Amino acid sequence: ERRTHLKMFKHLIVPLDGSRLSESVMPIVIHLAQKLQAAVTLVHVIEKNAPAKIHGEPHLSRPEEAEYYLDDVERRFFPPGLRVDKHVHKTAITDVAGSIAEHSREFKSDLVVMCTHGRSGMRKLLFGSIAQQVVSAKVTPVLLIRPTEGGTAAFLSGRPFLVPLDGTAAREQALPFAALLASACEVDLKLLMVVPTLQTLSGVETTSRILLPATTQEILAFASEDAEEYVRQLLSSLGANGPRATAEIRRGDLAEVIVTEAHRLGVDMIIMGTLGTVGLNAFWSSSLAPRVTERTHLALLLVPVRA
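Residues numbered from 1 in each chain as written. Predicted model: local features only at pLDDT ≥ 70, side-chain atom pairs only at ≥ 80, totals over all residues. Heavy atoms only, no water.

Caption draft 1: Layout of the overall build of the protein chain. When its secondary structure is counted, the protein chain shows 12 helices and 12 strands. Counting over 307 residues, the protein chain shows a buried share of 51%. By element, 52% of the accessible surface of the protein chain is carried by carbon and sulfur atoms, the whole surface being about 14300 Å². (Helix = DSSP H or I, 4+ residues; strand = E, 2+ residues; numbered from the N terminus. Buried < 20%, exposed > 50% of the residue type's maximum accessible area, 1.4 Å probe, protein only. Areas by Shrake-Rupley, 256 points an atom, 1.4 Å probe, with all protein chains shown as cover.)

Caption draft 2: Up close: the sheet that holds strand β11 (residues 269-275). Strands sit in the order β5-β2-β1-β6-β7-β12-β11-β8-β9-β10 across an open sheet of 10 strands; the sheet is mixed. Of all strands in the sheet, those with a lone pairing partner are β5 (84-93) and β10 (245-251), marking the two edges. Sheet twist, expressed as the average angle between the axes of neighbouring strands with direction ignored, equals 25 degrees. Judged from the seven bridges that link them, β11 and strand β12 (residues 299-305) form a sheet pairing that is parallel. Across the sheet, Met272 pairs through a bridge with Leu302, a residue of β12. On top of the sheet, helix α4 (residues 96-106) reaches β1 (11-15), β2 (39-47), β5 and β6 (111-115); it is set at about 140 degrees to β5, its chief contact. (Pairing = 2+ DSSP bridges. Axes fitted to C-alpha atoms, helices over the stretch in contact; angles between N-to-C directions. Contact = heavy atoms within 4.5 Å.)

Caption draft 3: Structural view of the packing of aromatic side chains. Scanning the entire structure with this criterion turns up zero aromatic pairs. Directly above the ring of Tyr68 sits Arg75, whose terminal nitrogen or CZ lies 5.7 Å from the centroid. (Phe/Tyr/Trp six-rings, centres within 6.5 Å; stacked < 30°, edge-to-face > 60°. Lys NZ or Arg CZ within 6 Å of the ring centre and 35° of its normal.)

Caption draft 4: Fine view of helix α3 (residues 63-77). Compared with an ideal rise of 1.5 Å per residue, which puts 15 residues at 21 Å, α3 spans 21 Å between its outermost C-alpha atoms and is within 8% of the ideal. Restricting attention to buried positions, one finds in α3 the residues Ala66, Tyr69, Leu70, Asp72 and Val73. Take α3 and look down its axis: the buried residues cluster within an arc of 160 degrees, on one side only. Facing away from the buried side of α3 by over 90 degrees, the exposed positions are Tyr68 and Arg75. Packing partners of the buried residues in α3 comprise α2 (26-36), β2 and β5. (Expected span 1.5 Å × (residues − 1). Arc of directions from axis to C-beta.)

Caption draft 5: Expanded view of unusual backbone geometry. One non-glycine residue with positive phi stands out, namely Gln37, at about 55 degrees. Inspection of the secondary structure puts Gln37 in the loop between α2 and β2. Residue Gln37 is classed as exposed on the basis of its relative accessible area, which comes to 69%. Even without a glycine there, the phi angle at Lys108 is positive, about 55 degrees. As for its placement among the helices and strands, Lys108 is situated in the loop between α4 and β6. Lys108 sits in the exposed class, given a relative accessible area of 66%.

Printed below as a string of structure tokens:
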């Protein structure tokens, strides 16, 4: 059933705000569209009471301006042979994030690719609200691209994809998506199982660490042994037709280990399952995604999963 759904990974939606910075996602969009033989829809939403400029550039406030802009993006970036549609939401609205999430449902997209600007309030808008609402819908993966201060962004260069795991079934649900993309892009897959240390436990586990430190340490030692069997089973589940895959087991804080290993292994993309709990605070306060994004400019694919 899951494999059947993945075969429909054929429609990418790309929200653009009119700035050059938002266009930094285009190299990855085109690469994926070619490898997946996917259609692309460029989307611009007219914002009500928008500022005159965004990132130092004129803000698109009239539908005809936006339509000309999307046509220009297609001319400048897309090679012949790719299907590119454009859509301008002409009625000015205040909830830009909600509108893009709704468009992803309306157009039945399989992937939303967006830029996380990381500047002033726009980071909260494009990384927090939009990503939170789209992922919370539990229907569409979201690929986040965070440009550097100079405006350069991640691209796919044939290096492996990384799938972080914590031993839970929720994170594991991202693996079929990762296998599909790795096979389509003809790259290797790296699985990273992270076992916490005594110092990096969180939540209810912290109480155990304080009251029963020796026992907790023994449990973590057993967890490391179980992790080896766990990753062996996952590698086996990919099958002979899956991408070439290897696994690493590390201990420490999940976000820190993911970023450190991603750069050590030289990967192009991090692919993670994430629980899209409704509500901005509920989603981001304990989520791994913003902690990873703050530490790296690598492409981050969030796959909505169920607990």
